[in-house]
Amino acid sequence: PEKLAAAVTSMLAGQEVVVPCMVDGDKNAIQTRSARIQRLKASLKLQDYNPKRDFVGWGGEDFRLLAGMPGFTHLAALGRVDPEAIGSCTADFDGDGRPDLCLHGASRVLLLQNAGTSFNEVALPGATGARAACWADCNGDGKPDLFLATPQGPRLYVNQGGTFADFSAGLPHEPYHNLTAAVWLDADGDGRSDLLLANGYLGLRLYRNRGPQEAMKAPVALGKWKFIGPFDNAGQRGFDTAYPPEKELEFGKEYDGKGGKVKWQNGDFRDGEANNLALFGGDLNSDSVVYLYREIEARAPQEVPAAFGSDDTLTVWLNGEKLIAENVYRALTVDQTRTPLKLKAGKNHLLIKVCQGSGDWSFSFRATLPALTIPQLFEDVSQGWNLGPNGLLAGQKHSCLAVADVNGDGKPDVLHGDHLLINSGKGFTLGQATGLKFNSASVSPLFLDVNGDKLPDLFVPQNGTSKLFVNAGQGRFIDATAQAGDLARPLGNAVAAFAQDFNRDGRIDLLVACLKGPNRLLLNQGEGRFTDATEKVGLQQRVFNTRSLLALDVNRDGALDIVFNNEGQDSAVLLGKPEQVASKGNSP
């Protein structure tokens, strides 16, 4: 309501604003607030609905000022993945230094690229819901790849440089799928990320990574869009005027443009549809020129069919060669001009120029890429590792998997439910007399070092009093809940947690997700004792009904921010206050 009031006030003052709204078409999705979010321009001058003219970008709302929570400055609503929100995970999947997000629920997966002041939704081909989601570099190219445990089976999305290709065909075949949990781990110590899945009554399945294969790289990879402008098109002279981008592609330079200095910027454009180019405001969107650039990488020389559309004129170069020159002032039709792109092996440079007269200003691009030939990337070694339908914990179904080297032998061990599987490097054995006993239904246990002894301890969210198990070595744990200070008090219906040093005192703290009650912040005072700082940061003021959460520096200001994946309401991100971490040891 407060964001709507601010937008209306600005519009009444004659200003143009950007407002978030849901995409029309699916009335049920709109009613449940699960429809895709887009950002559109709005003002008293815009009296009709014209997405080509008014579209700004996909994804979450901009951050807005937050009052009343001492620990936080701003809040932004994210998309919803409920009903049955489940989890969240983070990785910098586009390599820009900002943490990106993946929120998942039983019916929807939301992949969000962090644009600094907002989050842009990134498409995952064929993805619906997921019971689990996790990141790892499975092919050794330095980019995080995404695995989803979906109702239809396992899905592997290989990172192509900010976009994702579905490599699920490279996973082993199973008779059927009833996936409840998944996690990456290097089970055999070969330096490659293997996959461990909980597949219902088929038991735990271990997929060994066979290593990088050349076929995992897409035959053609499309890079991100960049744009620069506006330049002058007075008297329609811009078509024949060679502005600096036609002479050099120097993305760090500034040039004299229409209305002042201009420089290259990242563009949020979608292939195969009309993309709005009225990006500059006011008169700068008339009688102007814009250039668009995209890098295209090819594994081998090849020809790729491509189609372009423009409103108004269109000029296209590939690697400096002019392919299209249409000096026509027209309305855009998607795919109105077609030409093959003759790509060389390696990096190719696509440059587009669109001149604008008045009215709408837009472009479209579509490339028909060659199909991927997907090799067998993983092999099922479950039986040899004492797993599978006749192996350890066969017939048991749990919704969580957690990984840590609990006995200090350098090999990742696994927690499934309240059972511990000890890794020998060649197989798993069931841990005996581990001291672990808790209700594992619908909760996500978390390994962390609460006492600084370099051994992973275990926090288990519970409805009422959660549990803290301290690692005693050799795969055994002691229930230390009673000695854990405020952690021993009832926290509400706790279901998940995230470990991080929130106050920069060198000790790992706990942020706890709760249903039907406020989320909790517990500060580690040392030796496994915690103080409840929930009220100090203001989290008690609102019930987010959170299923999963993350703590990370979203805007790179040095303060930890919090992401909530919520049930029954929008997911959200809270920006932390930088001044609270200005000196080491300050409390939140």
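Just above, that's the structure.
Residues numbered from 1 in each chain as written. Predicted model: local features only at pLDDT ≥ 70, side-chain atom pairs only at ≥ 80, totals over all residues. Heavy atoms only, no water.

1. Overview of the overall build of the protein chain
Line of reasoning, step 1. Helix and strand counts for the protein chain stand at 4 helices and 45 strands.
Line of reasoning, step 2. Over its C-alpha trace the protein chain gives a radius of gyration of 26 Å, about what one expects of a compact globule, namely 25 Å for 588 residues.
Line of reasoning, step 3. Here the C-alpha coordinates of the protein chain stretch approximately 85 × 55 × 45 Å along the principal axes.
Line of reasoning, step 4. Taken across its 588 residues, the protein chain has 53% of its residues classed as buried.
Line of reasoning, step 5. Contacts spanning at least 24 positions in sequence make up 58% of the contacts within the protein chain whose residues lie at least 6 apart.
Line of reasoning, step 6. Of the accessible surface of the protein chain, which amounts to about 24400 Å², a share of 49% is contributed by carbon and sulfur atoms. (Helix = DSSP H or I, 4+ residues; strand = E, 2+ residues; numbered from the N terminus. Rg over C-alpha atoms; globule rule 2.2 N^0.38 Å. Buried < 20%, exposed > 50% of the residue type's maximum accessible area, 1.4 Å probe, protein only. Contact = heavy atoms within 4.5 Å. Areas by Shrake-Rupley, 256 points an atom, 1.4 Å probe, with all protein chains shown as cover.)

2. With respect to the sheet that holds strand β36 (residues 463-464)
Sheet strands pair by backbone hydrogen bonding; their relative direction is either parallel or antiparallel.
Line of reasoning, step 1. Strands sit in the order β36-β39-β40-β41-β42 across an open sheet of 5 strands; the sheet is antiparallel. A single partner strand is all that each edge strand has here, and the edge strands are β36 and β42 (529-532). (Pairing = 2+ DSSP bridges.)

3. What about the sheet that holds strand β21 (residues 275-276)?
Line of reasoning, step 1. Strand order across the open sheet formed by 4 strands is β21-β28-β23-β26, with antiparallel pairing between neighbours. Each of the sheet's edge strands pairs with one partner strand only, and the pair in question is β21 and β26 (337-343).
Line of reasoning, step 2. Relative to strand β28 (residues 362-367), strand β23 (residues 302-311) runs antiparallel, the two being bridged by 6 bridges. Along β28, the bridge assignment pairs Gly309 with Ser364.

4. Considerations on unusual backbone geometry
Line of reasoning, step 1. For the bond from Asp82 to Pro83, the omega torsion is 5°, close enough to zero to count as cis.
Line of reasoning, step 2. In this fold, Pro83 is placed in the loop between β5 (72-77) and β6 (85-91).
Line of reasoning, step 3. Omega for the peptide link from Asp311 to Asp312 comes to 20°, which places this bond in the cis form.
Line of reasoning, step 4. Relative to the assigned elements, Asp312 resides in the loop between β23 and β24 (314-318).

5. Some remarks on the side chain of Gln356
Line of reasoning, step 1. Mapped onto the secondary structure, Gln356 falls in strand β27 (residues 346-356).
Line of reasoning, step 2. A distance of 2.9 Å separates a polar side-chain atom of Gln356 from the backbone oxygen of Gly359.
Line of reasoning, step 3. Polar side-chain contacts of Gln356 include one of 3.3 Å to the backbone oxygen of Asp360.
Line of reasoning, step 4. Setting aside residues up to four positions removed in sequence, Gln356 forms contacts with Asn233, Asn285, Ser286, Asp287, Ser288, Asp311, Asp312, Tyr329 and Trp361. (Polar contact = N/O pair within 3.5 Å; in protein donor to acceptor, adjacent residues only side chain to side chain.)

6. Brief notes about the nonpolar core
Line of reasoning, step 1. Membership of the largest hydrophobic core comes to 27 residues, with the highest contact counts inside it found for Leu292, Phe308, Leu341, Leu350, Ile352, Phe363 and Phe365.
Line of reasoning, step 2. Where this core is concerned, the elements lending two or more residues are β17 (220-232), β22 (288-298), β23, β24, β26, β27 and β28. (Core = buried A, V, L, I, M, F, W, Y, C linked by side-chain atoms within 4.5 Å.)

7. A few points about the environment of Leu491
Line of reasoning, step 1. Mapping Leu491 onto the fold places it in the loop between β38 (476-479) and β39 (492-500).
Line of reasoning, step 2. For Leu491, a relative accessible area of 3% translates into the label buried.
Line of reasoning, step 3. Residues Leu491 and Pro461, 30 residues apart in the sequence, show an inter-C-alpha distance of 8.9 Å.
Line of reasoning, step 4. Leave out the neighbours within four places in its chain, and Leu491 touches Phe459, Gly464, Ser466, Asp486, Val512, Cys514, Arg520 and Leu522.

8. Quick notes on the state of the cysteines
Line of reasoning, step 1. According to the stated counting rule, one finds 0 disulfides in the structure shown.
Line of reasoning, step 2. Of the cysteine sulfurs around Cys89, a residue in no disulfide, the closest is that of Cys102, at 4.3 Å.
Line of reasoning, step 3. On the accessibility criterion, Cys89 (11% relative accessible area) is buried.
Line of reasoning, step 4. Cysteine Cys134 remains unbridged, with the sulfur of Cys89 as its closest cysteine sulfur at 7.0 Å.
Line of reasoning, step 5. Cys134 sits in the buried class, given a relative accessible area of 10%. (Disulfide = S-S within 2.5 Å.)

9. Describing the packing of aromatic side chains
Line of reasoning, step 1. Following the criterion strictly, the structure yields 21 aromatic pairs and no others.
Line of reasoning, step 2. Note on Trp225 and Phe363: the rings are 5.4 Å apart at their centroids and 75° apart in plane angle, and the pair reads as edge-to-face. Residue Trp225 is found in strand β17, and its partner Phe363 is found in strand β28; the two are separated by 138 residues along the sequence. Each member of the pair Trp225 and Phe363 is classed as buried.
Line of reasoning, step 3. Ring geometry for Phe251 and Trp264: centres 5.2 Å apart, planes at 70°, overall edge-to-face. Of this pair, Phe251 sits in the loop between β17 and β18 (254-257) while Trp264 sits in the loop between β19 (260-263) and β20 (265-267), and the two are 13 residues apart along the sequence.
Line of reasoning, step 4. Each member of the aromatic cluster is reached from another via a ring pair, and the members are Trp225, Phe227, Phe269, Phe280, Phe308, Trp361, Phe363 and Phe365.
Line of reasoning, step 5. One residue, Lys226, lies across the ring of Phe251, its end atom 5.6 Å from the ring centre. (Phe/Tyr/Trp six-rings, centres within 6.5 Å; stacked < 30°, edge-to-face > 60°. Lys NZ or Arg CZ within 6 Å of the ring centre and 35° of its normal.)

10. Points about the pairing of strand β15 (residues 194-199)
Line of reasoning, step 1. Burial within β15 is extensive, with 6 of its 6 residues counted as buried.
Line of reasoning, step 2. The side-chain alternation of β15 yields two buried faces, one formed by Asp194, Leu196 and Ala198 and the other by Leu195, Leu197 and Asn199.
Line of reasoning, step 3. Counted between consecutive antiparallel strands, the loop separating β15 from strand β16 (residues 204-209) contains 4 residues, among which Gly200 sits at a positive phi close to 55°.

11. Section: the pattern of salt bridges
Line of reasoning, step 1. A full pass over the atoms with the stated rule returns 25 salt bridges.
Line of reasoning, step 2. When the shortest N-O distance is used, the salt bridge between Arg131 and Glu84 registers 2.3 Å. Note that Arg131 is positioned in the loop between β9 (119-121) and β10 (132-136) and Glu84 in the loop between β5 and β6, a separation of 47 residues in sequence.
Line of reasoning, step 3. Overall, the relative accessible area of 29% leaves Arg131 in the partly exposed class.
Line of reasoning, step 4. According to the relative accessible area criterion, Glu84 is partly exposed, its value standing at 40%.
Line of reasoning, step 5. With its nearest N and O atoms 3.6 Å apart, the salt bridge here joins Arg108 to Glu121. Pair noted here: Arg108 is in the loop between β7 (100-105) and β8 (109-114) and Glu121 is in strand β9, with a separation of 13 residues, a long-range link. An identical accessibility class is assigned to Arg108 and Glu121; each is buried.
Line of reasoning, step 6. Taken together, the shared-partner salt bridges in this structure form one network comprising Asp188, Asp190, Arg192, Arg208 and Glu379. (Salt bridge = Lys/Arg side-chain N within 4 Å of Asp/Glu carboxyl O.)

Just distances and angles here, no functional claims.
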